[in-house]
Structure formats: C-alpha cells, structure tokens
Amino acid sequence: MNLRVLPCRGLTGTCKVPGDKSISHRAAIIGALAEGTTEIDNYLFGADCLSTLRCLESLGVQVTCTENGVRVKGCGLKGLKEPEDILDAGNSGTTMRLLLGALSGQDFFAVLTGDRSLRGRPMGRVVKPLVMMGAEIHGRAGDTRAPLAVKGCSSLKPIAYNLPVASAQVKSAILLAGLNAPGTTCVIQPQKSRDHTERMLKSFGALIEVDGLAVRLQGGQPLQGRRIRVPGDISAAAFVIVAASILPDCEVVIEDVGINPTRIGILEVMERMGAQIEVTNRRDWNGEPVADLRVRSHGLCGTIIEGALLPRVIDEIPVLAVAAAAAEGKTEIRNAEELRFKETDRLQAIARELGKMGACLEERPDGLVIEGKGALKGARVHSWGDHRIAMALAVAGLLAGGETTIEDCDCVDVSFPGFATLLRSLGAVVETES
Ligand SMILES: O=C(O)C1=C[C@@H](OP(=O)(O)O)[C@@H](O)[C@H](O)C1
Ligand SMILES: C=C(OP(=O)(O)O)C(=O)O
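Cut-off values and rules
- Residues numbered from 1 in each chain as written.
- Chains lettered and ligands numbered in written order.
- Predicted model: local features only at pLDDT ≥ 70, side-chain atom pairs only at ≥ 80, totals over all residues.
- UniProt positions renumbered as here; feature names shortened; annotations may be inferred.
- Helix = DSSP H or I, 4+ residues; strand = E, 2+ residues; numbered from the N terminus.
- Rg over C-alpha atoms; globule rule 2.2 N^0.38 Å.
- Buried ≥ 20, exposed ≤ 12 C-beta atoms within 10 Å, placed from the backbone.
- Near = placed C-beta within 6 Å.
- Nonpolar A, V, L, I, M, F, W, Y, C, P; charged D, E, K, R; others polar.
- Domains from an automatic or database assignment.
- Expected span 1.5 Å × (residues − 1).
- Contact = placed C-beta atoms within 7 Å.

- The name given to the chain in an unreviewed UniProt entry is 3-phosphoshikimate 1-carboxyvinyltransferase, with the source organism recorded as Thermacetogenium phaeum.
- Taken verbatim from the UniProt record of the chain, the Subcellular location (unreviewed entry) comment is "Cytoplasm".

Now the structure itself:
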C-alpha cells in the first residue's frame, strides 16, 4: 500500500492517538506473569502488540478481546507453557527482547524469530546478561541474531549489570528475568531510558526501587493482576505535533497522551525550536502521567539534540528531522547511533528520502546535520518498510509543494493503525493506494 499526500493548508480539530505501544506490550507480558486477571483498556491493536499477544497465546496464556481492549489471564511467575512451535515476534524488537527475558525464567525450551528486519537486529545485548543469569540461549551470528533458541531455568541467579547502551528493552528483559531470580537483581543504566516496566511492575506489587540510574528488584515475589488503562502513545502523537507546528493555520488538541518524563523529549525539543504546545488536564493513569496537548502553528528554529536527551526522543528523530528541515537555521542531531539498529538504519533512511524532497541533510556516523530551508518539494519516496520513516515522510508531504507518494506503507499499522484516517479527520488529504 502507498500513501498519497497532498499539500495541506492547515490542520484543525480534536483527536486521540492509539494506545502506547511500549505500555501495551508490558501490560500483556506482565499480566501473563501475574496471578489473576489483567484487564487492559485501550490496548494498541497494532501489528507489534498483536505479535506479543500471539506469542503469549502460544505460551499457554488465555487472551480475550474485550469491548475496550484485552483481558489476559495470568499464569503466575513460572506458569507459562512450552510452545509447540516457533514464536514469531514479527517486526517487533520489544516483543523479542522482553519475551527473551520472561522465557529465561521458565523451565522449558522455546525458539523466537521475527521478520527479515528483526532477524538483522542486535540481540547479543540481551542474550549476554540473560546467560549470566543462567538461561541457555543460542542463535545465529554467535548467539547475537534471531532465530534464538532459549532453554530457561526457573531459578535464575540475580545479577548486578551495567548496561552498555541506554536500552529500555534490555533493562526490561533483565528485570522480567529477575522476577524468577531469588534475591536482588540490579540494572545500572548509562542514561535514563523509558521506565514503563519499573512503573508497571510496581503497580502489580513487585518489590522494585529506582535510585537515580539504578533499578533494584527483589525476585521471587508474586505479582497481582490488575486493570491497566493505556495512555495515548506520545510517539504517535509526535507526527501530529510536528505537522500542526510546521503547517500554517493549525490548532489541534490531542487528548489523553502519555507524558511520562522519560518519553517527553519530543515536547522539550519542539518547545526549544519555538513550537507552541500547551499541556493541560494532567492526570495519572495507573502510575503513568497523562495530559491533553494543544498545538498551534509556529515558526521553528534549528537546535542541537544530543546526550542524555537521546533515549527520551529516540523514536521521534525521523519526524524531528522533518521539523528541522522546515525550521530556520541548522539542526544537529548527535549521539544517535542507536537509530542504525532499529527497523531500518533510520539515519540513512531519513537522510536519503527527505533528500529526495529537497531537504538539505548530511548523514554523520552518529547523527544528522540538517540545514532548514522551510521549502520541500513533493516527490516519490520509500518507507524502507519502517513505520516511523513512512509517517515522518507523510508529515513532510503535507508541507511540500506538490504531491508526495510514499511507497510501501503497510508498515504504518505496526504502531499507528488509523494514521491516514486521523490526519484526514483534521483536514489533510491523505489517500491510500494499493
Ligand atoms: O522498551 C521499549 O518499549 C522500547 C525501547 C526503545 O528501544 P531500545 O530499548 O532498543 O532503545 C524504543 O526505540 C522502542 O521503540 C520501544
Ligand atoms: C524501534 C521501535 O520498536 P521495536 O524496537 O519494538 O521494534 C519503534 O517502534 O520505533
């Protein structure tokens, strides 16, 4: 499927984005390891979170669709069942890495694989600490690439582990394994990454404490299932935030967006660039802060994005590159080498494709330098099969003069089903063509 995007004169209205992807994965997996039932409202029915549900079902977990989301019947910490067949995580790094953690503490054999993109992504970073805890894991490329075969162990050894990268997926995998490691599992992060696992484990009754960059979990304690209401995904809202900032005559309200401090780098950067974003109606949903965001058009200026900010804005870099191309002056994105290990090499993908639209981007080993010119031209571009690249290019297409076609956009459903419909509801012309 391709997306055809026409220049847009302004977006107006009120909308809601789908449920948060990171929180949806965690609610399903932690719910499966808990005692009793977990009701998850506003679960993200995107391809990645559906992969998590399908894997859990293959592990013997009862999953039911409800009016508002899904119900997961918990099996207890050691209660998953050996799957009869290979588990398929599809395109989802979060599914593969978090499940590797959960499976490390189960006394059976399982094999995890994924699509071509996921089979090319680095898994050694998660295999290494899990093997130190007592799991047996083998895979391609010296046990660093999927398919990965896991033989878990229901009594793992707790470890203290210094993460070499600020990855929330690796941190979460160790913590999920730590649930079945009697004693204290400690993860020390180089920089703070999203902390949804820590918050959710706490809300399920785990003994977990966060002390600066260190997270400590007492293993062997049962979790209690509960109701979770998933906030709107700020990484999905980011596309609307950037579009409503760079197009003229916009006023858009996005309701019920998660504003966890470890995720709001997009708000910080956009505000620094001059964006007008009002955060109202702040609330708390099961330990996660939520608010409504009002965004109005405003001229942007270039900025520097680097250092400890990166983990808090990691998935928003492609769309921030579009904001930077529309801004006045130069933007530098540094310390962003992790983007090369996502669904695609996102630094290369966005530099090449935005370049075709007339943007002035220079690729650096760890980032991008973007000379903002304000003007983009419509072009035929490609998503590289990566949802965030596809949607970032669609936002660029709204600003460009002339028509833009983005090829291969089925991937949008990975994280943002209803993306084109939502943009249309705000006044954009975005058509799908098969
Ligand atoms: O834990 C998570 O839910 C995620 C963590 C990040 O990946 P890393 O842990 O690889 O940095 C992020 O890019 C991904 O979209 C979701
Ligand atoms: C990198 C992403 O997800 P994952 O690592 O779960 O595939 C993403 O959603 O941008």
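Re the overall build of the chain
Then, number 1: A count of helices and strands for the chain gives 14 helices and 24 strands.
Then, number 2: For 434 residues, the compact-globule estimate of 2.2 N^0.38 gives 22 Å, and the chain sits close to it at 21 Å.
Then, number 3: Over its C-alpha atoms, taken along the principal directions, the chain stretches across nearly 60 × 45 × 45 Å.
Then, number 4: For the chain, the residues scored as buried account for 55% of the 434 residues in total.

Examining the site of ligand 1
Then, number 1: Surrounding ligand 1, one finds Ser22, Gly93, Thr94, Ser167, Ala168, Gln169, Ser172, Arg194, Ile314, Asp315 and Glu338.
Then, number 2: When residues in the shell around ligand 1 are grouped by element, the largest group, three residues, is from helix 7 (residues 168-178).
Then, number 3: Among the residues making up the shell around ligand 1, the classes are represented as two nonpolar, six polar and three charged.
Then, number 4: Three or more residues apiece are contributed to the shell around ligand 1 by two domains, here domain 1 (2-18 + 231-433) and domain 2 (21-153 + 160-222).

Some details on helix 1 (residues 21-33)
Then, number 1: Compared with an ideal rise of 1.5 Å per residue, which puts 13 residues at 18 Å, helix 1 spans 19 Å between its outermost C-alpha atoms and is within 8% of the ideal.
Then, number 2: Of all the 13 residues making up helix 1, 13 are buried; the element is thus mostly covered by neighbouring parts of the structure.

Digging into the UniProt feature "active site" (unreviewed entry) in the chain
Then, number 1: Feature annotation in UniProt assigns "active site" (unreviewed entry) to the following positions: Asp315.
Then, number 2: Mapped onto the fold, Asp315 is located in the loop between strand 18 (304-305) and helix 11 (317-326).
Then, number 3: Look past the residues within four positions of Asp315 in its chain and what remains in contact with it is Ser235 and Arg388.

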